[in-house]
Amino acid sequence: MTPLYIIPARGGSKGIPRKNIKPLGGRPLIAYTIDAATEALRSTGGYILLSTDDDEIAAVARDCGLAVEYMRPAELATDTAGSREVMLDALDWADSRGIAYDTVILLQPTSPLRTADDILGAAALYGDGIDMVVSVCLSDDNPYYNLFEENADGTLTICKGDGLYTRRQDAPAVFRYNGAVYVITPRSLREMPMGLFRNKKPYLMPAGRSADLDTPADWQNVENMIR
């Protein structure tokens with residue numbers, strides 16, 4: 001495996017302004033992901049590519065020891081730009097520079113508690129025929145137990161099953177993406193949206209490392225954990 005690590009970090013952020021370089025536990029948020037990627041790189045080889053449109057984020061990344069040669073086009077730094085389009089542009093840039101890779105590993109800075117071991121653990125599950133290995137954690141909400149759909153008459157029906165589970169522990173386990181690690185086949189990424197990937201394998205992470213910083217409350221919770 002020769003990964004192209006992609007760290008997406010655009011300048012605009014509404015939920016937590018300037019969150020990618022906002023200090024968390026005394027360090028810029030993006031430093032945690034750069035450290036994890038750099039440590040994983042020692043085992044896998046490859047190339048770490050920061051995808052940002054923001055000069056200040058690029059400067060902070062350089063201060064963290066990461067070479068930043070690529071800048072994301074402005075049209076891919078809007079609220080509506082998708083992760084797939086951002087990655088495809090990064091792949092095109094890597095191809096134009098002759099950078100060798102056979103796998104894409106997407107690492108979002110909003111998962112600061114993800115470790116290099118998590119990256120390597122997900123990568124170890126990757127193989128032929130896999131579109132993506134994705135990090136997950138157990139979901140507190142369960143379609144067999146406490147998630148419902150509204151019927152045409154306004155009543156509720158359990159999403160899955162017969163609604164007879166009376167304890168969450170007895171219901172089938174379900175998982176949610178935690179946003180920490182995506183190990184992706186480049187060909188699959190070029191051929192279809194990620195939602196259409198058929199062969200996805202989960203890499204299970206504990207809830208304690210699955211924080212995904214989206215709101216000020218998320219940020220405060222992780223700040224407290226670090227302290």
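Residues numbered from 1 in each chain as written. Predicted model: local features only at pLDDT ≥ 70, side-chain atom pairs only at ≥ 80, totals over all residues. Heavy atoms only, no water.

Student: So what's going on with the pattern of salt bridges? Residues and values would help.
Tutor: Side-chain pairing between opposite charges can occur once the charged atoms of the two side chains come close. Tallying each qualifying case throughout the model produces 9 salt bridges. Where Arg 27 meets Asp 35, a salt bridge forms, and the shortest distance between an N and an O atom there is 2.8 Å. Salt-bridge contacts for Asp 118 lead to Arg 209; the nearest nitrogen and oxygen are separated by 2.7 Å. In this pair, Asp 118 sits in helix H4 (residues 116–124) while Arg 209 sits in the loop between strand S10 (200–204) and helix H6 (216–226), placing the two residues 91 residues apart along the sequence. (Salt bridge = Lys/Arg side-chain N within 4 Å of Asp/Glu carboxyl O. Helix = DSSP H or I, 4+ residues; strand = E, 2+ residues; numbered from the N terminus.)

Student: Now, about the packing of aromatic side chains: what can you tell me, with residues and values included?
Tutor: Applying the stated criterion across every chain yields a total of 4 aromatic pairs. With 6.3 Å between their ring centres and 40° between their planes, Tyr 47 and Trp 93 make a pair best called tilted. Of this pair, Tyr 47 sits in strand S4 (residues 47–51) while Trp 93 sits in helix H3 (residues 83–96), and the two are 46 residues apart along the sequence. As far as the burial class goes, Tyr 47 and Trp 93 line up, both buried. With a centroid separation of 6.4 Å and 90° between ring planes, the pair formed by Tyr 144 and Tyr 165 is classed as edge-to-face. (Phe/Tyr/Trp six-rings, centres within 6.5 Å; stacked < 30°, edge-to-face > 60°. Buried < 20%, exposed > 50% of the residue type's maximum accessible area, 1.4 Å probe, protein only.)

That's the geometry; what it means functionally is another story.
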